[in-house]
Amino acid sequence: MPSAGKTKRRKSSRKKSELDSALGQVGDESVAAAKNEFQDLLAQAKGDTSELVRQNANELEERLVLLKKRKIDKEDFDYFIENQKRDLRVFIDSQPAQAQERAEKLTLHVLEIAARVAIALI
């Protein structure tokens, strides 16, 4: 039972994901801001209420890890990005006007940043 009405909190010891580890190795300062923005938007997308936005974020993370491990090449990654953009434009256009900006930010913008960050990973 907590004493004096205070609860004890443990510090979160979150393990780094494979993507976090790969992005942590990016040392070029010119992509540092893009990397940070990407990680923030990817986290938002993974927590979004739309299944398609979450699915895109998870697939993108998986492809970046595969690219870093050299299990796919840059051409395969770029092909994935272009296909996702095409499919997601249809999704964004189907959203209510007030939701389109957020959907675009969490999908197309994330993909564009990922394409820039991917260059630093390989």
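Here we summarise the structure given alongside this text. What you are looking at is a predicted structure, and each value in this text was computed from that prediction instead of being measured.

Conventions we followed
Residues numbered from 1 in each chain as written. Predicted model: local features only at pLDDT ≥ 70, side-chain atom pairs only at ≥ 80, totals over all residues. Heavy atoms only, no water. Helix = DSSP H or I, 4+ residues; strand = E, 2+ residues; numbered from the N terminus. Buried < 20%, exposed > 50% of the residue type's maximum accessible area, 1.4 Å probe, protein only. Contact = heavy atoms within 4.5 Å. Areas by Shrake-Rupley, 256 points an atom, 1.4 Å probe, with all protein chains shown as cover. Expected span 1.5 Å × (residues − 1). Arc of directions from axis to C-beta. Salt bridge = Lys/Arg side-chain N within 4 Å of Asp/Glu carboxyl O.

## Description of the overall build of the protein chain
So, step 1. Per the secondary structure count, the protein chain includes five helices and zero strands.
So, step 2. The linear arrangement of helices and strands in the protein chain, starting from the amino end, is α-α-α-α-α.
So, step 3. Counting only residues that meet the buried cut, the protein chain has 35% of its 122 residues in that class.
So, step 4. Put simply, 60% of the contacts in the protein chain that link residues at least 6 apart link residues at least 24 apart.
So, step 5. Carbon and sulfur atoms make up 47% of the accessible area of the protein chain, which amounts to about 8,300 Å² in all.

## Overview of helix α3 (residues 51-68)
So, step 1. Compared with the 26 Å implied by 1.5 Å per residue over 18 residues, the 26 Å span of α3 between its first and last C-alpha is a close match.
So, step 2. Residues of α3 that are buried: Val 53, Asn 56, Ala 57, Leu 60, Glu 61, Leu 64, Val 65 and Leu 67. Down the axis of α3, the buried side of the element spans an arc of 165°, and every buried residue falls inside it.
So, step 3. Positive phi appears at Arg 70, one or two residues downstream of α3, with a value of about 65°.

## Looking at the pattern of salt bridges
Two side chains bearing opposite charge may form a pair once their charged atoms approach each other closely.
So, step 1. In total, this model carries six salt bridges according to the counting rule given.
So, step 2. Notably, a salt bridge pairs Arg 54 with Glu 51, separated by 2.5 Å at the nearest N-O pair. Taken together, the positions of Arg 54 and Glu 51, both in helix α3 and three residues apart, correspond to about one turn of that helix.
So, step 3. Relative accessible area serves as the criterion here: at 23%, Arg 54 is assigned to the partly exposed category.
So, step 4. Residue Asp 87 is joined to Arg 86 by a salt bridge in which the shortest nitrogen-to-oxygen separation is 3.7 Å.
So, step 5. Given the relative accessible area of 49%, Arg 86 is considered partly exposed.

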